[in-house]
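Structural characterization, general
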Number of protein chains: 2
Amino acid sequence: MNDLNDLKQLYEKVRNKGLEDFKTFLKFPSISSDPDNTADVAACCNWLADYLRSSGLEVDIWDTDGHPTIFASYEGAGPDKPTLLLYHHYDVQPVEPLEEWKTPPFEPTIKDGEIYARGAQDNKGQCFYSVLAITSLLKAEKSLPINVKLLIEGEEEIGSPNLPAWLEKKKEELKADYLAVVDVGMRDKSSPAVTVGVRGMLTMELVVDGTKTDLHSGTHGGVAFNPNHALVQILAQLRDPETGKITVPGFYDDVEKPDEEEKKLLALDFPDKEYFRLFGQKPTGGEKKYTLAERAGLRPTLEINGISGGFTGLGFKTVIPARAAAKISCRLVPNQRPEVIGKLVADHIKRLTPEGIETTLHINPGTGLPLRTNPHSTIAGAFATAYQEIFGKPVEFIVEGGSIPITSELAEACGGEAVFAGLGLADDQIHAPNEHFGLDRLEKGFLSVARVLSIIAEKKQE
Amino acid sequence: MNDLNDLKQLYEKVRNKGLEDFKTFLKFPSISSDPDNTADVAACCNWLADYLRSSGLEVDIWDTDGHPTIFASYEGAGPDKPTLLLYHHYDVQPVEPLEEWKTPPFEPTIKDGEIYARGAQDNKGQCFYSVLAITSLLKAEKSLPINVKLLIEGEEEIGSPNLPAWLEKKKEELKADYLAVVDVGMRDKSSPAVTVGVRGMLTMELVVDGTKTDLHSGTHGGVAFNPNHALVQILAQLRDPETGKITVPGFYDDVEKPDEEEKKLLALDFPDKEYFRLFGQKPTGGEKKYTLAERAGLRPTLEINGISGGFTGLGFKTVIPARAAAKISCRLVPNQRPEVIGKLVADHIKRLTPEGIETTLHINPGTGLPLRTNPHSTIAGAFATAYQEIFGKPVEFIVEGGSIPITSELAEACGGEAVFAGLGLADDQIHAPNEHFGLDRLEKGFLSVARVLSIIAEKKQE
């Protein structure tokens, strides 16, 4: 069962039951960042582990100090055949603001060929087509053309704080010729893409403290230094409004400039007009001297993801709050290091703190290194071929603006060639209300993963 | 029953029942800004109206378009005697952050001689000692030495949006020789004060819109203009970090400078060290070239009372929000006009709005004019004499930083001399968690209002 037509027939057979199973997977509120959901994350992990096990895969659950990781493997192809390691995650982002969801985030709903749920794409959708492809093939054929390993973690959305230690410990089991991180996407639904780079990530929480308690802004207005004012004053000074550059001293020092060959290979055009159509605003964020696609993939960022202080409910309260706070994240590019950037930001904020105010910058554990991989590798070629067959169109090579924190450690641990693949789209609303994924892409994803196994097997035999 | 000793004996008689009634009054969650509390505000109004009526006062409830106003009057002293109009409010501020209250805000709790509840001071506490003094005197004596009117409104905390129209309509009923707005305080508990000025107020809500929906800060970081960044960029440009001045063009144009005589009369010293002891931070807010007391009373302010945007819950969410917002208030001094200042702020924000972002500034109804009154008037003198007798110490003349929005219209409507009085303290935590008021001040307040009636009566006979 090697060619696309055989695989399409296989998909027809498993489609209905597969969709039901996918819905079950989506119903678990496996939000890794919220301690209230710890039991849900564990339940999701156990369900998926059982699902993999029932197809004949060897399944191990790694009980890390945080949420568990699933490691499943098929070594039946024998030591002469190559091994592919697939990376996914079963944890999801929080769902706030809940009131903006048109259907409940953990009650998967199909509308116009799209399935709506938190995680529908990121990453449960893409994870599930890999899982469905591998388990269906194995059940149908009793074998796979190459050896396959699956590492499906539960802490991707919080920066994989506990996985690095386990990658070190499990180095032997992880050994693979190829690593495919199937958690990214393409620029539009008819343009398949292979991703040869991701940005790294660093998240921080800034706390700004003023007086001991909240105060009345009549009596204390113009007297106490309002933490809300200190917060906006500090945050505004992290970015130059004229150039859009981040003004943290040293922030760009280690940024590697892509060479001309790399720039030529990468699809770096994306019209501002198309962006406006999709998202309702001109793409005026970031550094003004770079194109949209360069800013999205090749340049680092500092974004304020959350800001809060004082009274924000209905009505009005004339208060000077005791505290204000912000959540800040940086996307990093080669060769920036999260620990270096975190220190630069912390030092800068210290310098910007006015008298009468105290600031604390908490740098969260679970950072991620940026990574670029070789577009001429076997694994990049295998995905490129599979996507071309399925979409009937050559792939684009792109750099992803998002981050998959664990990737660089994982590539090192398995020792193989790495690539990023996937069928996500910019308007899938990942990390946002009404996240969704196309049922057509569920099928295409199934076919791509199944085809990649055969393509690698054939390539090795050449 | 004219002198202080008689009045102290009367207080002893009514103290226990009075305290129970005060607790009942405090239990109503009469939060005027929250539509969910509309019925509670009405219930509080009805309870208080009945309380006043039962002592023999004429009571009228004005059904404004918003929360109702209580108007009570005693005209038994006859047309030859002067009339005092007392102003209070029975509505209170919201209670958030609720988790910081040590006891529930609407379950009054006494500890170490202080009563803790939302409104314990502002203004239910000060309102209740006036009410208790007048109703107790009237019940004991069957008469009062002068005519008395009480106007107790339910929308002070939202800027009295509906009262001005009624003041116009009820001009005849409101006629009085003197107006006492008993909603302010003193600088420390052994320094009685008469307040001869309040700041005006203006509140606004700034909404900053970016893309149609929330976006992923990996894919869109450095591409979309993050509304959080726009918000801090705009807000930071409303204030000069070097001088502490508000940078809205024209903001200070109409500010009246107090003359030397006024400055000499006012108690304008307040040590920074004492501020630090009370509130845990140096008073570094406001304009650097003015003293603390000048900034607190004589200078206008612009404060950010609330700020919100993106994900602010537990954990982290790498989102670029579609919207961010802030609540802003200005305290105004003579001769600033709220409608002028609101327009200046709106125009300035329009100019500061970056491309790719839309901003809207909602200017709330219910503004308040600043007011200064004559420290040499009969009514200021009556409170000064009463406080001096009760505290055994001469009063200070001060200017209050807070606002009592309706005051200037009320002074005009009644046609009498106005003064601000009260026994509030800076650390009563009004508008904040754990608001409290001293039982000793409840008694002193009772005595002061009762004495003022006699002092005015005697003065008139001289």
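Before reading on, note that the structure itself is shown above.
The text that follows walks through the structure, step by step, so that each part is easy to find. (Residues numbered from 1 in each chain as written. Chains lettered and ligands numbered in written order. Predicted model: local features only at pLDDT ≥ 70, side-chain atom pairs only at ≥ 80, totals over all residues. Heavy atoms only, no water.)

With respect to the overall build of chain A
Counting its regular elements, chain A contains 13 helices and 18 strands. Taking 23 Å as the expected radius of gyration for a compact globule of 462 residues, we find that chain A reaches 23 Å, a close match to that expectation. Based on the C-alpha atoms only, the size of chain A along its principal axes is roughly 80 × 50 × 45 Å. Buried positions account for 65% of the 462 residues belonging to chain A. Put simply, of all contacts in chain A between residues at least 6 apart along the chain, 81% involve residues at least 24 apart. Counting only carbon and sulfur atoms, one obtains 49% of the accessible surface of chain A, whose full area is about 16900 Å². (Helix = DSSP H or I, 4+ residues; strand = E, 2+ residues; numbered from the N terminus. Rg over C-alpha atoms; globule rule 2.2 N^0.38 Å. Buried < 20%, exposed > 50% of the residue type's maximum accessible area, 1.4 Å probe, protein only. Contact = heavy atoms within 4.5 Å. Areas by Shrake-Rupley, 256 points an atom, 1.4 Å probe, with all protein chains shown as cover.)

Section: the interface of chain B and chain A
Taken together, the contact between chain B and chain A spans 92 residues of the former and 92 residues of the latter. Carbon and sulfur atoms make up 55% of the surface buried where chain B meets chain A, a total of about 7600 Å² over both sides. Applying the counting rule to chain B against chain A returns 2 salt bridges. Put simply, B:E355 and A:K282 hold a salt bridge, and the shortest N to O gap is 3.0 Å. On the surface where chain B and chain A come into contact, there are 62 residue pairs in polar contact (both at pLDDT 80 or more). Broken down by secondary-structure element, the contributors of at least two residues to the side of chain B that touches chain A are β9 (200-209), β10 (215-216), α6 (227-236), α8 (272-279), α9 (292-297), β11 (301-310), β12 (319-320) and β13 (323-332) of chain B. Among the elements that line the side of chain B that touches chain A, the one with the most residues is β11(B), at 10 residues. Grouping the constituent residues of the side of chain B that touches chain A by class yields 35 nonpolar, 39 polar and 18 charged. Inspection of the sheet shows strand β11 (residues 301-310) of chain A paired to β11(B) by 5 bridges, in the antiparallel sense. Paired with A:G309 across the bridge in β11(B) is B:I307. (Buried area = accessible area lost by both parts, 1.4 Å probe. Salt bridge = Lys/Arg side-chain N within 4 Å of Asp/Glu carboxyl O. Polar contact = N/O pair within 3.5 Å; in protein donor to acceptor, adjacent residues only side chain to side chain. Nonpolar A, V, L, I, M, F, W, Y, C, P; charged D, E, K, R; others polar. Pairing = 2+ DSSP bridges.)

Topic: the relation of the copies chain B and chain A
Least-squares fitting of chain B to chain A yields an RMSD of 0.0 Å, with the transformation described by 0.0 Å of translation along the axis and a rotation of 180°. A rotation of that kind, with that shift, is consistent with a two-fold axis. Of the interface residues in chain B, 100% have counterparts in chain A that sit at the interface too, so the contact is made through matching surfaces. (Least-squares fit on C-alpha atoms with pLDDT ≥ 70 in both.)

Side note on the pattern of salt bridges
Applying the stated criterion across every chain, the model contains 40 salt bridges over all chains. Between B:D60 and B:K170 there is a salt bridge, and its shortest N-O distance comes to 3.9 Å. Of the two residues, B:D60 sits in strand β1 (residues 58-62) while B:K170 sits in the loop between α4 (163-169) and α5 (171-174), which places them 110 residues apart along the sequence. By relative accessible area, B:D60 is classed as partly exposed at 34%. For B:R337, the salt bridge goes to B:E339, with nearest N and O atoms at 3.1 Å. Through salt bridges with shared partners, one network takes in A:E12, A:R15 and A:E443.

Remarks on a negative patch on the surface
Residue and element names in this part refer to chain A. On the surface, E256, D259, E260 and E261 cluster together to form a negatively charged patch. Examined against the element boundaries, E256 turns out to sit in the loop between α6 (227-236) and α7 (260-265). We classify E256 as partly exposed; its relative accessible area is 32%. (Patch = residues over 30% accessible without salt bridge, like charges linked within 9 Å, V, L, I, M, F, W, Y side chains within 5 Å. Lys, Arg positive; Asp, Glu negative; His and termini not counted. Charge placed at Lys NZ, Arg CZ, Asp CG, Glu CD.)

Some points on the sheet that holds strand β14 (residues 358-363) of chain B
Taken together, 8 strands build an open sheet; the order of strands is β14(A)-β9(A)-β13(A)-β11(A)-β11(B)-β13(B)-β9(B)-β14(B) and the sheet is antiparallel. Two strands close off the open sheet at either side, each with one partner strand: β14 (358-363) of chain A together with β14 of chain B. Neighbour to neighbour, the strand axes of the sheet diverge by 25° on average, direction disregarded. In this sheet, β13(B) lies alongside β9(B) in antiparallel orientation, the contact comprising 10 bridges. Along β13(B), the bridge assignment pairs B:T203 with B:S329. (Axes fitted to C-alpha atoms, helices over the stretch in contact; angles between N-to-C directions.)

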